[in-house]
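What follows is the residue order along each chain.
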Amino acid sequence: MSPAPDSAKATDAGEYLVVPARTLEELDAVSSLQAEIWGSPQIAAPSTLLRAISEAGGTVLLAKAGVRPVGFAYGFTGRTPAGVTYHRSHSAGVLPEFRNSGIGRALKLAQRREVLAAGLDRIVWTFDPTQVGNAHFNLRRLGATARGFRRDFYGRRDDALSRGLPTDRLFVEWFLGAPEQAELTRLRRGGRLASVTLPEGLPAPPGEDAARVLEIQEVLREQLESALSKGLQIIDFDADSRTYQLAELPSWFPEPAEGGAAASD
Ligand SMILES: CC(C)(COP(=O)(O)OP(=O)(O)OC[C@H]1O[C@@H](n2cnc3c(N)ncnc32)[C@H](O)[C@@H]1OP(=O)(O)O)[C@@H](O)C(=O)NCCC(=O)NCCS
């Protein structure tokens, strides 16, 4: 894909810049950031894979504060069984001390610019529905939606963010085209049909009894699965009330790219 224009901005975290990661040093920085943010070298994409993704037309973006690498996002082209292509963003992260200053959003906007320039109009990724901050960032801040849901999608992992719990995931779909955006704006203003509120106790604080967390997670799973099985789509999240808002999309809306019925693992 064509390089994203650099975006420089001053925030509480200082000046930062988002650039396409092209050199081996930049690709290494993306890999190291992913390992550091997830607290696990196993979770990080090696720079060799990132180089291949970048060379093959994917997006590999690096955010820097001065010369220091502080955030990243990367993804590749996906294709539905019906042959519709979209961008599959696999991972994005910002170092904890640089969060909540707009760097995550700047990375996603740079990714959007690259994806639009490549002629695609949808970006898909997954997130943990128990995480209030991620839900707010994806659904309210970026205006993305979510339709698919899978229990334990990546299997249990011991990294700092997954903490050995089942990796339940919602599939985010960020529609970049004007008709979809206009329809979603209309629905957010008055077309909400259902809501799912995060049960008390989620997100679970570190050190919480695993059996207790699983019990609460089961409640959320059932509520999300029930709402989504009615053909509704998550169109918003309110962080104050910790509530997902759902609506019915018109029949012309694109079919979900991923996250339909689970394949037998
Ligand atoms: C998700 C992530 C990339 C966002 O990066 P960031 O630089 O903090 O993003 P921004 O500053 O652009 O926006 C964050 C927004 O979430 C909000 N937020 C963060 N934590 C929150 C919480 N617990 N409750 C409510 N809102 C929260 C911030 O206030 C901000 O919203 P605002 O601009 O409306 O105030 C970053 O939190 C991160 O690296 N998380 C760990 C890795 C991860 O989960 N990656 C994404 C998987 S989908």
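Rules of the game
- Residues numbered from 1 in each chain as written.
- Predicted model: local features only at pLDDT ≥ 70, side-chain atom pairs only at ≥ 80, totals over all residues.
- Helix = DSSP H or I, 4+ residues; strand = E, 2+ residues; numbered from the N terminus.
- Rg over C-alpha atoms; globule rule 2.2 N^0.38 Å.
- Buried ≥ 20, exposed ≤ 12 C-beta atoms within 10 Å, placed from the backbone.
- Near = placed C-beta within 6 Å.
- Nonpolar A, V, L, I, M, F, W, Y, C, P; charged D, E, K, R; others polar.
- Domains from an automatic or database assignment.
- Pairing = 2+ DSSP bridges.
- Contact = placed C-beta atoms within 7 Å.
- Arc of directions from axis to C-beta.
- Core = buried A, V, L, I, M, F, W, Y, C linked by C-beta atoms within 7 Å.
- Axes fitted to C-alpha atoms, helices over the stretch in contact; angles between N-to-C directions.
- Left-handed = near helix turned anticlockwise from the far one by under 90°.

### So, the overall build of the chain
Secondary structure summary: the chain contains 6 helices and 11 strands in total. For the chain, the C-alpha radius of gyration of 18 Å lies close to 18 Å, the compact-globule estimate for 265 residues. Dimensions of the chain along its principal axes, counting C-alpha atoms only, are 45 × 45 × 40 Å. Considering the chain as a whole, with its 265 residues, one finds that 37% of them fall into the buried category.

### Quick word on the site of the ligand
The full set close to the ligand counts 20 residues, and G93, R99, G104, R105 and G133 are the nearest of them. Those elements that place two or more of their residues in the shell around the ligand are β5 (85–94), α3 (103–117), β6 (122–127) and α4 (132–141). Ranked by the residues each element gives to the shell around the ligand, the list is headed by α4, at 6 residues. The residue inventory of the shell around the ligand, partitioned by class, reads 9 nonpolar, 8 polar and 3 charged. When we break the shell around the ligand down by domain, the ones giving at least three residues each are domain 1 (1–74 + 92–120) and domain 2 (124–253).

### Considerations on the pairing of strand β4 (residues 68–79)
Pairing analysis gives 7 bridges linking strand β3 (residues 59–65) to β4, with the strands arranged antiparallel. In the strand pairing of β4, A63 is matched with G71. Of the pairings in the sheet, the one linking β4 to β5 comprises 9 bridges and is antiparallel in character. Its bridge partner being in β5, Y74 is matched across the sheet by S91. Here β4 folds back onto β5 in antiparallel fashion, the turn holding 5 residues, of which G83 has a positive phi close to 90°.

### Observations concerning the domain arrangement of the chain
Interfaces are often described in size by the accessible area the parts lose on coming together. Partitioning the chain into structural domains gives domain 1 (1–74 + 92–120) and domain 2 (124–253). Its C-alpha centre places domain 1 at a distance of 24 Å from the equivalent point of domain 2. Facing 10 residues of domain 1, the contacting portion of domain 2 comprises 7 residues. Across the side of domain 1 that touches domain 2, the residue classes tally to 4 nonpolar, 3 polar and 3 charged.

### Regarding helix α2 (residues 47–55)
Those residues of α2 lying buried are S47, L50, I53 and S54. Buried positions in α2, seen along its axis, are confined to an arc of 115° and lie on one side of it. Exposed side of α2, more than 90 degrees from the buried face: T48 and E55 are the residues found there. Those residues of α2 hidden inside the fold are in contact with α1 (24–38), β3 and β4. Among the residues trailing α2, G57 stands out with phi positive, at a value near 95°.

### Considerations on the nonpolar core
Residues I123, V124, L139, A146, V172, I234 and I235 are the most contacted members of the largest nonpolar core, which totals 28 residues. Elements represented by at least two residues in this core include exactly β6, α4, β7 (145–150), β8 (169–175), α5 (178–190), α6 (210–229), β10 (232–238) and β11 (243–248). With 4 residues, the top contributor of residues to this core is β8. Among all residues touching I235, those that are not within four sequence positions of it are T145, L184, L187, R188, Q245, L246 and A247. The next biggest cluster of nonpolar side chains, apart from the first, holds 25 residues, and it includes V70, A92, A106 and L107.

### A closer look at the packing of α1 against α2
The geometry of α1 relative to α2 is characterised by a closest axis approach of 9 Å and an angle of 115° between their N-to-C directions. Considering only the axes of α1 and α2, their crossing is right-handed. Contact residues: L24, L27, D28, V30 and S31 in α1; S47, L50 and R51 in α2. Split into classes, the residues belonging to the contact of α1 with α2 amount to 4 nonpolar, 2 polar and 2 charged.

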